[in-house]
Protein chains: 2
Amino acid sequence: MKFSSKIERCQASAMRRFAPAAARAEERGIKVYHLNIGQPDIRTPEAYFEALRGFDEPVLAYAPSGGLNVLVDAVRGYYSRLGVELAREEVLITNGGSEAMQIVASCLLDDGDEILIPEPFYSNYQTVVNLAGGVVKPVPTSPEEGYRFAERERIEPLIGEKTRAIMITNPGNPTGTVLDRGELKMLLELAKEHDLFLICDEVYREFVYGGEELLSVLQFPGYEENVVVIDSCSKRFSACGARVGMLLSRNAALMTQAMKMAQCRLSVATVDQIAAAALYDLDSSYFDATRDEYRRRRDLFVEKLERIPGVVFARPMGAFYVMAALPVDDAAKFQQWLLEDFNDKGETLMFACGEPFYATPGRGRNEVRMAYVLNEADLSRALDILAVAIERYRSGF
Amino acid sequence: MKFSSKIERCQASAMRRFAPAAARAEERGIKVYHLNIGQPDIRTPEAYFEALRGFDEPVLAYAPSGGLNVLVDAVRGYYSRLGVELAREEVLITNGGSEAMQIVASCLLDDGDEILIPEPFYSNYQTVVNLAGGVVKPVPTSPEEGYRFAERERIEPLIGEKTRAIMITNPGNPTGTVLDRGELKMLLELAKEHDLFLICDEVYREFVYGGEELLSVLQFPGYEENVVVIDSCSKRFSACGARVGMLLSRNAALMTQAMKMAQCRLSVATVDQIAAAALYDLDSSYFDATRDEYRRRRDLFVEKLERIPGVVFARPMGAFYVMAALPVDDAAKFQQWLLEDFNDKGETLMFACGEPFYATPGRGRNEVRMAYVLNEADLSRALDILAVAIERYRSGF
C-alpha cells in the first residue's frame, strides 16, 4: 500500500538511527558512552515531583487547549523578569517545543513553501517542515567559520517569493553559536522588510557560558507581528520527559490559527502542566549552578577535543553540543564501525552523524554532533576513546 | 501575513466554539449544564495517582519514541485478553488518540487524497485530515435511519482512485452506533478488495449497553495489512488529562512510517505513561460498574428526550453521546440564544452544534450532539431546561 510522499521524504531520527546497533553492542557487554542525544543527567528539581504528588483532583480532566492558566501565568512571570510582558493569549502550551514547531509549520507552509534555516540545524526541523509540505532552504555555514551565519549578505539573496519564514535556534543546536543583539536585530529587520516570520527556537536560553545576557527576540520592540518563539521546560529544568513546551507570539492572527490545531489535539497532559508551573518558582541560583556545571563540561570537552589531530570545530558558546568535522571519510561508516568492530577496553561511543543536520545533499558527511551531557569523568573517557578510535580507523584498523 | 491554505480551511473546535459565550453567561450568574464535551465525571482510578506518586527517578528523562515498554506491554496484555496478540512494534504510544489519528493521516494522505468517513463524525477528524492535505469524503446517513451506514451499496460507489482509507468510530461518536461482526467483516472485506486501510477509532470500546461483546477489528484474521486501530486511556479509564493514546497495526510498513513521526516529536510524557500502565491492571468489575453507570444515564436521557416533541434521534447503543435533530431552524442560533437571552430559573445548557460533525455543507444545521457525562440529577434537569427552551424558542421567545 502507498504512503504519502511527505512521510516518504522523511528520515528516521538522526539521534536514534544507530540505537539498534548500540543495543547489540551493549548485549555483547560493550559499554557505550552516549553523546548522541541531549538528555541531561542533571536532577530534575524536586519542585516538579512535589507538585506531581500534590495533585488531588478526583478526575484527571482535559486541560484547556491553550494550557492551564497556572502554567501560562508562570511562563508569563518568567518572561516578565526578562522584560517581556505577554498576555495570556500570546502563550500557547504545547507537547514540548517539538509540537510548537509542528504547529507553526502547519500554520505557515503550503506545499512547496520555503523556510530559511542556517545549516547545520536540529535535524527534526527537516521532518517537521517536510510533513507540513514545505521545503527547508539552507543558509550555508562551515565548521571553519564556526558555523556563524547571521550576515545580511548571506541570507537576503536566498529570500524569494516562496519564502515564508526564517528559522533560527539561539543558542544553537547543534552548533553552540550564540547570537548577539546586533545579529538578532539584523534578522528581525530582515524579517520585517520582507514580511516574513522570524521563528526563534530559544529552548537553550539559559545555557550560555561567556557571561552573555539572556536574550529573546521577544525583547525587541517593533517586530511584534513577525516574531514567533519556541520554548520548553525540557532543557531549562532537565524535565525532558514532561513534554511541556510553548509557542509565544504577539501576532494575534497566528495565535488564532495555532489555537485551531491546539483544539484539534485537545490538550497537553494535565499533571505535567501543574508540575511544570512549579518549576518557574525556582530562583536564579538554580540556573547559575546548572550553567556552571555545563561550562565545566564544555571546557573539559573542548580542551580534550582540541588535542585530537584533524578535528575541526568551534568552541561552543551555548547549548550543550559540539558540532565537529572528524578526520574520517564518512561519520556514519565510522559510527557503525565503532559499534560493531571496535572497542577500547570493552568501551565505545555514540554520536549523532552530521548529514541529517544538513539539507544540502552530501554536506556534513564527516561531521558529528556530540552532546556534553555526561559527567566530567565519562566525557573525558569518551574523548579518550574517540582519539584512539580515530587513530585506529585511519590506520585501516 | 499569509497563513497556509490548510489551516485556513480548518474551523475552531465544534465543542469549544461557544466557550466564550458560556463564560459570559456564567459571569452573569447563570448556571450552564455542559453537555457539549465528552469529559466524564467518573473518578479516575486511584491506581493512576498511586503510580504517579510512586515515581522516584532523579531525572525526568525522555521516554522512547514508541513508548515505555511497561505501558506497551500493559496494552499488549489488555489486547491479549480480547484474543489479540500484538508484538511490541505493533503498538505505538501517542499523545492521546488525537495524535494517533494525526500520525495516520500524515502517513497516508497527499494533497487531495480522500478518506471515506460516515457523517456525522467526530468533528476533529475534519481538521486532522485537512492539515494532512486530504479531503473527507462523507458516507451519508440520516437521523431517521439512526445514522447507520455499514452497507456495501452505500460505501463502495464512493471509493475512487484518490481513496486511501475508510475511517470509522466504533462505538460511534457522535452517533452511539455499535457495529456488529457482520458489518465489521463487510468493511474489512471492502478495504481489502480495494487495497485500502480501515482505520477504526475504538476509544469507546467498553461503552456498549446492550450486552454486546467487546469487539475490535484487530480480532479478525486475514486483514493484517489493512487494519489500523486508534485507542486511548482517556474515556476507558476516565483519564482524559493523561493524554495517553495508541496506534495499533500489524502493517509493518505503516508502523515504520509512523515511527518517523513519533521520533520527530521525541516522546509522550513519561510519568503519564507509567501511571497509565497501572490502569491496565484493573479487573473487569471496574468496567462493569462504569458501564452500568453510563447505561443508567443513557436510559434516563433517552426517556426524557423522547418526551420532547419534534426531536428526532436514535437510541444510542454505545459511547456516551446522543446525536439528535431538534425542532429548531439552526442549532447554532439556538445555542447562542440559550447562552445570551434565555434562562430557566437562572439555568441554561450547552451542546455541540451539529454542522461541524458533517463534511457536506448545510447538513446537520438543526442537529446537536449531547454528551450524557453528567450525573442523573443534572442530566434530568438539563433536559427539562431543553424542553422549556425549545418551546419558548419556537414560540418566538
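Here is what the cut-offs are and how they apply
- Residues numbered from 1 in each chain as written.
- Chains lettered and ligands numbered in written order.
- Predicted model: local features only at pLDDT ≥ 70, side-chain atom pairs only at ≥ 80, totals over all residues.
- Heavy atoms only, no water.
- Pairing = 2+ DSSP bridges.
- Helix = DSSP H or I, 4+ residues; strand = E, 2+ residues; numbered from the N terminus.
- Axes fitted to C-alpha atoms, helices over the stretch in contact; angles between N-to-C directions.
- Contact = heavy atoms within 4.5 Å.
- Parallel < 35°, antiparallel > 145°, perpendicular 65-115°, else oblique.
- Left-handed = near helix turned anticlockwise from the far one by under 90°.
- Nonpolar A, V, L, I, M, F, W, Y, C, P; charged D, E, K, R; others polar.
- Buried area = accessible area lost by both parts, 1.4 Å probe.
- Salt bridge = Lys/Arg side-chain N within 4 Å of Asp/Glu carboxyl O.
- Polar contact = N/O pair within 3.5 Å; in protein donor to acceptor, adjacent residues only side chain to side chain.
- Least-squares fit on C-alpha atoms with pLDDT ≥ 70 in both.
- Phe/Tyr/Trp six-rings, centres within 6.5 Å; stacked < 30°, edge-to-face > 60°.
- Buried < 20%, exposed > 50% of the residue type's maximum accessible area, 1.4 Å probe, protein only.
- Lys NZ or Arg CZ within 6 Å of the ring centre and 35° of its normal.
- Core = buried A, V, L, I, M, F, W, Y, C linked by side-chain atoms within 4.5 Å.

### Some remarks on the sheet that holds strand S8 (residues 245-249) of chain B
All names here are of chain B.
Okay, so step 1: Spatial ordering of the open sheet is given by S2-S8-S7-S6-S5-S3-S4, a layout of 7 strands whose pairing is mixed. Each edge of the sheet is formed by a strand with only one pairing partner; in this case those strands are strand S2 (91-94) and strand S4 (135-139). Ignoring which end each strand starts from, the neighbouring axes of this sheet average 25° apart.
Okay, so step 2: One ladder, built from 4 bridges, connects S2 with S8; its direction is antiparallel. Across the sheet, the residue bridging to Leu 92 is Leu 247, located in S8.
Okay, so step 3: Running over the sheet, helix H4 (residues 69-81) touches S2, strand S7 (227-232) and S8 and is turned about 120° from S2.

### Remarks on the packing of helix H11 (residues 284-306) of chain B against helix H13 (residues 376-394) of chain B
Residues and elements named next belong to chain B.
Okay, so step 1: The N-to-C vectors of H11 and H13 enclose an angle of 15°; their axes lie 10 Å apart at closest approach. Taken as axis vectors, H11 and H13 run roughly parallel relative to one another. In the packing of H11 onto H13, the handedness of the crossing is right-handed. Here Arg 296, Arg 297, Leu 300, Phe 301, Lys 304 and Leu 305 of H11 lie close against H13, whose contacting residues are Glu 376, Leu 379, Ser 380, Leu 383, Asp 384 and Leu 386.
Okay, so step 2: Within the contact of H11 with H13, the residues separate by chemical class into 6 nonpolar, 1 polar and 5 charged.

### Notes on the interface of chain A and chain B
Okay, so step 1: Between chain A and chain B, the contact holds 80 residues from the first and 80 residues from the second.
Okay, so step 2: Summed over both partners, the interface of chain A with chain B comes to about 6,500 Å²; 55% of that surface belongs to carbon and sulfur atoms.
Okay, so step 3: Our count for the chain A to chain B interface comes out at 1 salt bridge.
Okay, so step 4: Lys 2 of chain B serves as the salt-bridge partner of Asp 110 of chain A, at 4.0 Å between the closest nitrogen and oxygen.
Okay, so step 5: Between chain A and chain B we count 36 residue pairs in polar contact (both at pLDDT 80 or more) in total.

### Concerning the relation of the copies chain A and chain B
Okay, so step 1: With an RMSD of 0.0 Å, the fit of chain A onto chain B corresponds to turning through 180° and sliding 0.0 Å along the axis. Here the symmetry operator amounts to a two-fold rotation axis. Scanning chain A for the C-alpha nearest the rotation axis identifies Arg 53 of chain A, at a separation of 2.4 Å.
Okay, so step 2: Residue by residue, 100% of the interface of chain A is reproduced at the interface of chain B, so both copies engage with the same surface.

### Structural notes on unusual backbone geometry
Okay, so step 1: Here the residue pair Asn 173 of chain A and Pro 174 of chain A is connected by a cis peptide bond, since its omega of 15° sits within 30 degrees of zero.
Okay, so step 2: Along the chain, Pro 174 of chain A turns up in the loop between strand S5 (163-169) and helix H8 (181-193).
Okay, so step 3: Cis geometry marks the peptide bond from Glu 119 of chain B to Pro 120 of chain B; its omega dihedral reads 5°.
Okay, so step 4: Within the secondary structure layout, Pro 120 of chain B lies in the loop between strand S3 (114-118) and helix H6 (124-131).
Okay, so step 5: Of note in this structure, Leu 266 of chain A is not a glycine but carries a positive phi near 70°.
Okay, so step 6: For Leu 266 of chain A, the location among the structural elements is in the loop between helix H9 (252-264) and helix H10 (270-279).
Okay, so step 7: Positive phi, close to 55°, is recorded for Lys 345 of chain B, a residue that is not glycine.
Okay, so step 8: For Lys 345 of chain B, the location among the structural elements is in the loop between helix H12 (331-340) and strand S11 (347-350).

### Comments concerning the packing of aromatic side chains
Residue and element names in this part refer to chain A.
Okay, so step 1: Tallying each qualifying case throughout the model produces 46 aromatic pairs over all chains.
Okay, so step 2: For the ring pair Phe 320 and Tyr 321, a centre distance of 5.2 Å and an interplane angle of 55° mean the geometry is tilted. Both residues of the pair, Phe 320 and Tyr 321, belong to the buried class.
Okay, so step 3: Taken together, the ring pairs connect Tyr 78, Tyr 79, Phe 237, Tyr 280, Tyr 286 and Phe 287 into an aromatic cluster.
Okay, so step 4: Its end group placed over the ring of Tyr 223, Lys 192 keeps NZ or CZ at 5.3 Å from the ring centre.
Okay, so step 5: The ring of Tyr 294 has Arg 297 sitting right over it, with the charged end atom 5.2 Å from the ring centre.

### Observations regarding the sheet that holds strand S2 (residues 91-94) of chain A
Residue and element names in this part refer to chain A.
Okay, so step 1: The strand order across the open sheet formed by 7 strands is S2-S8-S7-S6-S5-S3-S4, and the pairing between neighbours is mixed. Two strands bound the open sheet, and with one partner strand each, they are S2 and strand S4 (135-139). Neighbour-to-neighbour, the strand axes of this sheet turn through a mean angle of 25°, independent of strand direction.
Okay, so step 2: Contacts from helix H6 (residues 124-131) reach strand S3 (114-118), S4, S5 and strand S6 (197-201), with the element oriented near 140° to S4.

### Some words on the nonpolar core
Nonpolar side chains in soluble globular proteins tend to end up buried together.
Okay, so step 1: Of all hydrophobic cores here, the largest spans 261 residues; its most connected members are Leu 305 and Phe 334 of chain A together with Leu 305 and Phe 334 of chain B.
Okay, so step 2: The residues contacting Phe 334 of chain A, other than those within four sequence positions of it, are Leu 326, Val 328, Phe 351, Leu 386, Ala 389, Ile 390 and Tyr 393 of chain A.
Okay, so step 3: Core analysis: the second largest hydrophobic core is formed by 38 residues, Leu 266 of chain A together with Cys 107, Tyr 125 and Val 136 of chain B among them.

### Quick look at the environment of Phe 121 of chain B
All names here are of chain B.
Okay, so step 1: Within the secondary structure, Phe 121 is located in the loop between S3 and H6.
Okay, so step 2: Residue classification places Phe 121 among the buried positions, given a relative accessible area of 1%.
Okay, so step 3: Separated by 233 residues in the primary sequence, Phe 121 and Gly 354 place their C-alpha atoms 9.8 Å from one another.
Okay, so step 4: Other than its neighbours up to four places away in sequence, Phe 121 contacts Gln 126, Val 136, Asn 173, Pro 174, Pro 356, Phe 357, Tyr 358 and Ala 359.

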